[in-house]
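Tertiary structure, described
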Amino acid sequence: MMPQQSVFVSRRLRLAGTLVILGLLVQGLTLLWNHPLAFLSFLGLGGLLLFAGIVIYLFALISAPKG
Amino acid sequence: MPIGLVLALLMGTVVAIAIVIAAPGVTVSRGGKALAFLALFVFPVAVSLLGAVEHMDRSKQTQFCLSCHVMEPYGRSLYVDSKTYLPAVHFQNNRIPRDHACYTCHTNYTIYGTVHDKLRGLKHAYKYYISKPANPIKLYEPFNNRECLHCHLGARSFEEGTTHSALMDDIKKNQMSCTTSGCHDVIHNAAHLDQLKYWSPQP
């Protein structure tokens, strides 16, 4: 069975990963569209999801109990 | 960088993240930790930066600028069949790259010019989608001779012209405007494009 701290980290990793994937997919889709709205979506939506995912991942790293 | 390569990197990153999501237990090992760090931090940041560079590059394209409805007459003015229309003469005679026509003349040729342009682009987007574009559209600040001189300075036809050489100091100091001093003052003239003849490029 997985130790308690690993469950905490794995939940955070799953959430972070999902957000980063969503962000990357949004950014990828905007690259297929040549329009000012594509750039705004890349920055505003894709960038935000990506940033949130990375922050959650980094937060999980520093807040994971040692051992 | 080719768009296909950016998308391939993106898909590779998604696959790496999917592995971490499917089996977060792998992060217990040192190798797994490294994989998670690459998949959730290094690769996404790298892919995002490459995507941003691609978007920045695209935003310099004429087609990009003209995709906003209010810019349509300015795009039309590039095809006016008249030597007095300054943008049209530059566009039709390849004095500026046709696929970067707007950017070539309207960027600021200064050290932070590109950053300034991008911020101005965001302001344009705000005005277009949230606020209301000015009618008629005006430049935020008077057109600076610096943008003309970026190409024309050093060109023989420009420097040896009697009018230009006589006024060169004032032109360089932007004290005599190229576009509003009565010399080259027919610019886009977007409100009066109806009764004009247009150039049709050969396919």
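The structure displayed is predicted, hence computed values, not measured ones. (Residues numbered from 1 in each chain as written. Chains lettered and ligands numbered in written order. Predicted model: local features only at pLDDT ≥ 70, side-chain atom pairs only at ≥ 80, totals over all residues.)

1. Considerations on the overall build of chain A
- Helix and strand counts for chain A come out as two helices and zero strands.
- Evaluated residue by residue, chain A yields a buried proportion of 36% over its 67 residues.
- Put simply, 71% of the contacts in chain A that link residues at least 6 apart link residues at least 24 apart. (Helix = DSSP H or I, 4+ residues; strand = E, 2+ residues; numbered from the N terminus. Buried ≥ 20, exposed ≤ 12 C-beta atoms within 10 Å, placed from the backbone. Contact = placed C-beta atoms within 7 Å.)

2. As for the domain arrangement of chain B
- Under the domain assignment used here, chain B contains domain 1 (3-58) and domain 2 (65-143 + 179-192).
- Between the C-alpha centres of domain 1 of chain B and domain 2 of chain B there is a distance of 38 Å. (Domains from an automatic or database assignment.)

3. Remarks on the interface of chain B and chain A
- The partner chain A presents 25 residues to the 29 residues of chain B that form the contact.
- Of all the secondary structure elements, the ones that give two or more residues to the side of chain B that touches chain A are helix 1 (3-22), helix 2 (30-58) and helix 3 (62-65) of chain B.
- Examining the composition of the side of chain B that touches chain A, we find that ten residues originate from one element, helix 2 of chain B, more than from any other.
- By residue class, the composition of the side of chain B that touches chain A is 18 nonpolar, nine polar and two charged. (Nonpolar A, V, L, I, M, F, W, Y, C, P; charged D, E, K, R; others polar.)

4. With respect to the packing of helix 1 of chain B against helix 2 of chain B
Residue and element names in this part refer to chain B.
- Close contact between helix 1 and helix 2 brings their axes to 9 Å; oriented N to C, the two are set at 155°. With respect to their mutual orientation, helix 1 and helix 2 come out roughly antiparallel. Both helix 1 and helix 2 take part in a crossing whose hand is left-handed. Where helix 1 abuts helix 2, its residues Ile3, Val6, Leu9, Leu10, Thr13, Ala16, Ile17 and Val20 lie against Leu35, Ala36, Leu38, Ala39, Leu40, Phe43, Pro44, Val47, Leu50, Gly51 and Glu54.
- When its residues are assigned to classes, the contact of helix 1 with helix 2 shows 16 nonpolar, two polar and one charged. (Axes fitted to C-alpha atoms, helices over the stretch in contact; angles between N-to-C directions. Parallel < 35°, antiparallel > 145°, perpendicular 65-115°, else oblique. Left-handed = near helix turned anticlockwise from the far one by under 90°.)

5. A few points about helix 1 of chain B
All names here are of chain B.
- Helix length check: helix 1, at 20 residues, gives a terminal C-alpha distance of 28 Å against a target of 28 Å (1.5 Å per residue), a fit within 8%.
- Burial in helix 1 covers these residues: Val6, Leu10, Thr13, Ile17 and Val20. End-on, the buried residues of helix 1 take up no more than an arc of 75°, which puts them together on one face. With respect to the buried face of helix 1, the exposed residues turned more than 90 degrees away are Gly4, Leu5, Ala8, Val15 and Ala22. (Expected span 1.5 Å × (residues − 1). Arc of directions from axis to C-beta.)

6. Digging into the packing of helix 2 (residues 36-63) of chain A against helix 2 of chain B
- Their axes nearest at 11 Å, the elements helix 2 of chain A and helix 2 of chain B cross at an angle of 165°. Relative to helix 2 of chain B, helix 2 of chain A is oriented roughly antiparallel. Crossing handedness for the pair helix 2 of chain A and helix 2 of chain B: left-handed. In this structure, helix 2 of chain A contributes Phe39, Phe42, Gly47, Leu50, Ile54 and Tyr57 of chain A to the contact, and helix 2 of chain B contributes Leu40, Phe41, Pro44, Ser48, Gly51 and His55 of chain B.
- When the residues that make up the contact of helix 2 of chain A with helix 2 of chain B are grouped by side-chain class, the tally is eight nonpolar, four polar and no charged.

7. Brief notes about helix 2 of chain B
Residue and element names in this part refer to chain B.
- For helix 2, built from 29 residues, the straight-helix expectation of 42 Å at 1.5 Å per residue is met to within 8% by its first-to-last C-alpha distance of 40 Å.
- Taking the largest bend as the criterion, helix 2 deviates by roughly 40°, centred on leucine 38.
- For helix 2, every residue scored as buried is listed here: Ala36, Ala39, Leu40, Phe43, Pro44, Val47, Ser48, Gly51, Glu54 and His55. (Bend = angle between axes of the 7 residues up to and from the residue.)

8. Looking at unusual backbone geometry
Residue and element names in this part refer to chain B.
- Omega for the bond connecting asparagine 135 with proline 136 falls within 30 degrees of zero, at 0°, which places this linkage in the cis form.
- Tracing the backbone shows proline 136 in the loop between helix 7 (113-129) and helix 8 (145-152).
- Within the chain, asparagine 174 stands out as a residue other than glycine whose phi angle is a positive 65°.

9. Brief notes about the environment of leucine 50 of chain A
- Structurally, the position occupied by leucine 50 of chain A is in helix 2.
- According to the C-beta neighbour criterion, leucine 50 of chain A is buried, with 24 such atoms within 10 Å.
- Once the C-alpha coordinates of leucine 50 of chain A and threonine 18 of chain A are considered, the two residues, 32 residues apart in sequence, prove to be 9.5 Å apart.
- Apart from residues no more than four positions distant in its own chain, leucine 50 of chain A is found in contact with Val20, Gly23 and Leu24 of chain A together with Pro44 and Ser48 of chain B.

10. Re the nonpolar core
- Counting residues in each nonpolar core, the largest one holds 21 residues, and the members touching the most others are Leu13, Ala16 and Val20 of chain A together with Leu40 of chain B.
- When contributions to this core are tallied by element, the ones reaching two or more residues are helix 1 (4-30) and helix 2 of chain A together with helix 1 and helix 2 of chain B.
- In terms of residue count, helix 1 of chain A provides more of this core than any other element does, seven residues in total.
- For leucine 13 of chain A, the residues in contact, after removing those within four places along its chain, are Tyr57 and Ala60 of chain A together with Val20, Pro24, Thr27 and Ala36 of chain B.
- Core analysis: the second largest hydrophobic core is formed by twelve residues, Phe64, Cys65, Val80 and Cys102 of chain B among them. (Core = buried A, V, L, I, M, F, W, Y, C linked by C-beta atoms within 7 Å.)

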